[in-house]
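Coordinates in review
The lines below spell out each chain.
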Amino acid sequence: MVEQITDTCLRRPVITARAAASFEPVGRSVAAARAFVRDALQGWGYGDIIDDAVVLTSELVTNAVVHAGTAADVLCLRTENGVRIEVADRYPEREVPLQGTARTIAHPDREGGRGLLLCGALASRWGVEYTAARKHVWFQLDLPDRPAGTRSAGPALPVDALPAADSRVRVAVVQVDRGGCVSHWNEDAEDLFGYGPEQVAGKPLTDFAAWPHTPGTGTGIAEALLLSRWEGSYGMRGADGRVVPVYASHLRVRDSDGEPSTVCLLVRDHERAVLQSPQRAPAPDTAQRPEGRVPTDPFEVFIGSPAPDDLDGLLQRTVERARDMLDGDAAYLLLATDDETELEVRASTGLPSARQRFARVPVEAGSGRYGSARMPVVHDDLTAVPGAVPLLGGTGMRSVVTVPLKVEGRLTGSLGVAAEAPGRYTNEEALRLQFAADRIALAVERARLTELERLRRGSLSFLVEASDLLAGTLDRDQTLALMAQMTVPTLATWCAVYTVADPASDPELSYVLHEDEDRIDGLKTLLGKVPPPEPVPTPGARVWATPSEAAHNAALRTSLRSLGLGDAAYPAPGPGASLATASAVGGETVVLPLVARNRVIGMLTLGKPAEERFRQEILELAEDLSRRAALALDNARLYSERTAISQSLQRSLLPPELPEVPGVEVDVIYRAAGEGNEVGGDFYDLFPIRDGAYGFAIGDVCGTGPEAAAVTGLARHALRLLAREGFGGPAVLERLNAAILDEGARSRFLTLLYGELWPQEDGSAVLKVVCAGHPLPLRLRQDGTVLPAAEPQPLLGVMEDLELYEQTVTLDPGDVLLCVTDGVTERREGTRMLGDDGLAEVLTTCTGLTAGAVAARILRAVERFAAEPASDDMAILAMRVPEIPHPAESL
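So, a few notes on the structure that sits alongside this text. (Residues numbered from 1 in each chain as written. Predicted model: local features only at pLDDT ≥ 70, side-chain atom pairs only at ≥ 80, totals over all residues. Heavy atoms only, no water.)

1. Examining the overall build of the protein chain
The helix and strand tally for the protein chain stands at 21 helices and 34 strands. Taking all 891 residues of the protein chain together, the buried fraction comes to 47%. Sequence-distant contacts in the protein chain: of pairs separated by 6 or more residues, those separated by 24 or more amount to 62%. (Helix = DSSP H or I, 4+ residues; strand = E, 2+ residues; numbered from the N terminus. Buried < 20%, exposed > 50% of the residue type's maximum accessible area, 1.4 Å probe, protein only. Contact = heavy atoms within 4.5 Å.)

Here you go:
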């Protein structure tokens, strides 16, 4: 027994027929190979396995002639149990994903190697064989095991499980001629409906049929009679006026003279089991199947296994299978838009690339529109009905079959297969394609809704992130850069931002970005030569064709010059650069206005490369982004203007330069806190009063902003004016105090250290100082001793009757006088503060340093005292009397 089984398994199949053909490495060879295999198997009577054989052959030949770029040899071998098909190419070193190894199998959506995965899913057996110069991929398809004379059979059932029927089952046979009129009416039809043959002969069947009318959701009776085969339920009006529900099976035939007619078999609806096509029988257990193969459902039979898990992959696989199933030259699939008023091309094969990318056509039929989207349609020759399928205009396709995709009676899309030859498709192909469309419609709609939800979630996340990024900066240039970087490459291939300074100004090209950095310079040059788009405030994206036209014209001129045919007076870059720029901007370009506070402040321009267009949801997302970006850009503009004004005002409150004081080194360091958008309250000044005398001041106005700036300006200019009028220090400050109080509610407290400096001939310097509420000046002597150089007195802007006095200080050679604002002494970190003692301690280390070095060391100590940036303005004024050189040193 063992020997018998072994001999049976090892016995090679007997080859009873052979067919072979070779195909050149061109795209059209794939369709020719499908036709060759289909014709061979039909001639051998192997119709049960034709579809699987054609699908597998198409994938393997595509791998050879398209991806490997070699000729393909196809060999079909017929055996008593099935067929073996071999596809050989001339590229044996090509990578092959092997099953059963540790290597990861390629993703099924990857172009290379996908045919081998399908072999594993559909074929009974398959393999790969190598020779020195060729690679053979073969697969075996076995015929279904059926008894002779049996097409299909159901299981044996007990009597109580059999469908119920009347004691006598009547099958009405009605034959309808080409015009839809009854030509034959049998006895059972008379029994079922009460009409005799003479009463119905020559009358339209539509006079008796009660067809369920649901506009836009089904096939009418007239259309059903034209299909090669139809099966379903409707009603027939009896002689007594009642409607008899029937189940019908229609078959379109032709007589010996070629005259077509339709034979209709009708039974009562509850007896539909008599005519209804049997459903696919439940598959046996996996253990009983040869080689443990698990059958797939009807969807996977058409799509292949595993099915793509993304919408684009599913749609692309669908059009490829539809093309293969009907042996077409091209196929395409359209999906309904959200409002279901238009169909949008989402996948195609065999069509020019410009027609593959989201072209839209209206749904309803009419002149120049996509006709009959809700019904299966066959066009034998498109040249006879121009405009019937606008999508195929200019493609060379002559015949086409289209079928709707419907979910619960709602049109969700359309699937079409086209061929270059006329008259390729009949109602039989339309019915096969409609069956396939019915199997995939629900899966496609589910995937479309999933993608839509994913896009909406992604759009929301994108806008949230964009808003956070735009809100995180008030710098104009950085805002422009963020706008472009958020759109490229997420929304577009390239982006340009134009800004409009004011309504009277022309748009200015402010920022350009391309996903390929090598294209930015060429793109910027191109956009600089063309007029900018009009700053129209109308919301929404509008198409701007100027960049694409200019790029193509420049590329054409450059090509002509390279051939010696152009105008040499206009130099141009090399042909490669011009052609690259034309390719980069050759697609659709749209402009979105940047509107903020009811004014157009710029335009956001988005572009695609050659032959590409924007999807509607991308444009809607870009419009949302443009509104946020416009507000961010306008905020950055206002902030920049405010900062410029504040910085200009701050500079006006400080002396433009310090005068040179004979015999005294003077240096000042000023640091404004914050981002520079507000005027600080700290100020300093050093100015000549009269010959040999100089006035100096350092002060701090309470608060910041315009009010503080007003008091600062008043103090600085009043000090100079009063000092040069000959008033002493106390008189100057008392009059300044009165002026501050006269400001009323706009007045501010002011701490001020004012002094007058007289350099002496002996190398020393005499200072008369008044300290009105200000941090005390510190004197550093040559021996490192640090002492206050004045006593504290009341600050200004509080009391009307203010009596101040001045103190005289003499700086000997080598001595330093340090004056600071409270931003230095009140430097904090947590509960720690630098204070007067800390400042004095730092100053003791500055013995022998110049005035500039002393100021720099104080600033460095303040900055290092805390990790956080300073929160208050700081002014440091250092004056040093140089040491007198020793006579020996001078030699």
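2. Some points on helix 9 (residues 311-325)
Across its 15 residues, helix 9 extends 21 Å between first and last C-alpha, which sits within 8% of the 21 Å expected from 1.5 Å per residue. For helix 9, the buried fraction is high: 13 of the 15 residues fall into the buried class. Of the residues trailing helix 9, Asp 327 is marked for its positive phi of about 55°. (Expected span 1.5 Å × (residues − 1).)

3. Remarks on the side chain of His 514
Position of His 514 relative to the elements: it lies in strand 19 (residues 508-514). Overall, the relative accessible area of 7% leaves His 514 in the buried class. Within the local environment of His 514, its side chain forms a polar contact with the backbone nitrogen of Asp 516, the two atoms lying 2.9 Å apart. (Polar contact = N/O pair within 3.5 Å; in protein donor to acceptor, adjacent residues only side chain to side chain.)

4. Brief notes about the pairing of strand 2 (residues 72-79)
Of all eight residues in strand 2, seven are buried, a share of seventy percent or more. When strand 1 (residues 15-23) meets strand 2, the two strands line up antiparallel, connected through eight bridges. Opposite Ser 22, over in strand 2, you have Asp 73 as the bridge partner. As paired strands, strand 2 and strand 3 (residues 82-89) are joined by six bridges and run antiparallel to one another. The residue of strand 3 that forms the bridge with Asp 73 is Ala 88. Adjacent in sequence and paired antiparallel, strand 2 and strand 3 are bridged by two residues. (Pairing = 2+ DSSP bridges.)

5. Section: the packing of helix 3 (residues 50-68) against helix 9
In the contact formed by helix 3 and helix 9, the axes pass within 9 Å of each other and the chain directions differ by 120°. Classified by chirality, the crossing of helix 9 by helix 3 is right-handed. Judged by residue contacts, Asp 51, Val 54, Val 55, Ser 58 and Glu 59 of helix 3 engage Glu 320, Arg 321, Arg 323, Asp 324 and Met 325 from helix 9. Considered class by class, the residues forming the contact of helix 3 with helix 9 number three nonpolar, one polar and six charged. (Axes fitted to C-alpha atoms, helices over the stretch in contact; angles between N-to-C directions. Left-handed = near helix turned anticlockwise from the far one by under 90°. Nonpolar A, V, L, I, M, F, W, Y, C, P; charged D, E, K, R; others polar.)

6. Description of the pattern of salt bridges
Considering all chains together, one arrives at 33 salt bridges under this definition. A salt bridge links Asp 191 to Arg 168; the shortest N-O distance between them is 3.9 Å. Here Arg 168 lies in the loop between strand 5 (135-142) and strand 6 (172-176) and Asp 191 lies in helix 5 (residues 187-193), a separation of 23 residues in the sequence. Its relative accessible area of 38% is what places Asp 191 among the partly exposed residues. Asp 477 is paired through a salt bridge with Arg 476; the nearest N and O atoms lie 3.5 Å apart. Look at Asp 477 and you get exposed, because its relative accessible area is 52%. (Salt bridge = Lys/Arg side-chain N within 4 Å of Asp/Glu carboxyl O.)

7. Quick look at the sheet that holds strand 28 (residues 778-780)
Sheet architecture is open: five strands sit in the order 23-34-31-28-29, paired in antiparallel fashion. Single-partner strands in this sheet number two, and they are strand 23 (665-671) and strand 29 (786-788). Each neighbouring strand pair of the sheet contributes to a mean axis angle of 20°, computed without reference to strand direction. Relative to strand 29, strand 28 runs antiparallel, the two being bridged by three bridges. Its bridge partner being in strand 29, Leu 780 is matched across the sheet by Val 786. Contacts from helix 19 (residues 835-843) reach strand 28, strand 29 and strand 31 (816-820), with the element oriented near 20° to strand 28.

8. Describing the state of the cysteines
Two cysteines, two sulfur atoms, one covalent bond between them: this is a disulfide. If you walk through the whole model with that rule in mind, you get zero disulfides. The thiol of Cys 771 is not disulfide-bonded; the next cysteine sulfur, from Cys 819, is found 8.7 Å away. (Disulfide = S-S within 2.5 Å.)

9. Considerations on a nonpolar patch on the surface
Judged by side-chain polarity, Leu 157, Val 159 and Leu 162 come together as a nonpolar surface patch covering roughly 310 Å² of accessible area. Positionally, Val 159 belongs in the loop between strand 5 and strand 6. When its relative accessible area of 72% is taken as the criterion, Val 159 is described as exposed. (Patch = residues over 30% accessible without salt bridge, like charges linked within 9 Å, V, L, I, M, F, W, Y side chains within 5 Å. Areas by Shrake-Rupley, 256 points an atom, 1.4 Å probe, with all protein chains shown as cover.)

10. A short note on the nonpolar core
Core analysis: the biggest nonpolar cluster contains 52 residues, and Leu 733 and Leu 796 have the highest contact counts within it. Examining the composition of this core, we find that seven residues originate from one element, helix 16 (residues 706-724), more than from any other. Residues within four places of Leu 733 in sequence aside, it is in contact with Leu 719, Leu 752, Tyr 754, Val 770, Ala 772, Leu 796 and Leu 804. Listed in part, the 48 residues of the second largest apolar core include Ala 496, Leu 526, Val 530 and Ala 551. (Core = buried A, V, L, I, M, F, W, Y, C linked by side-chain atoms within 4.5 Å.)

None of this, on its own, says anything about what the molecule does.
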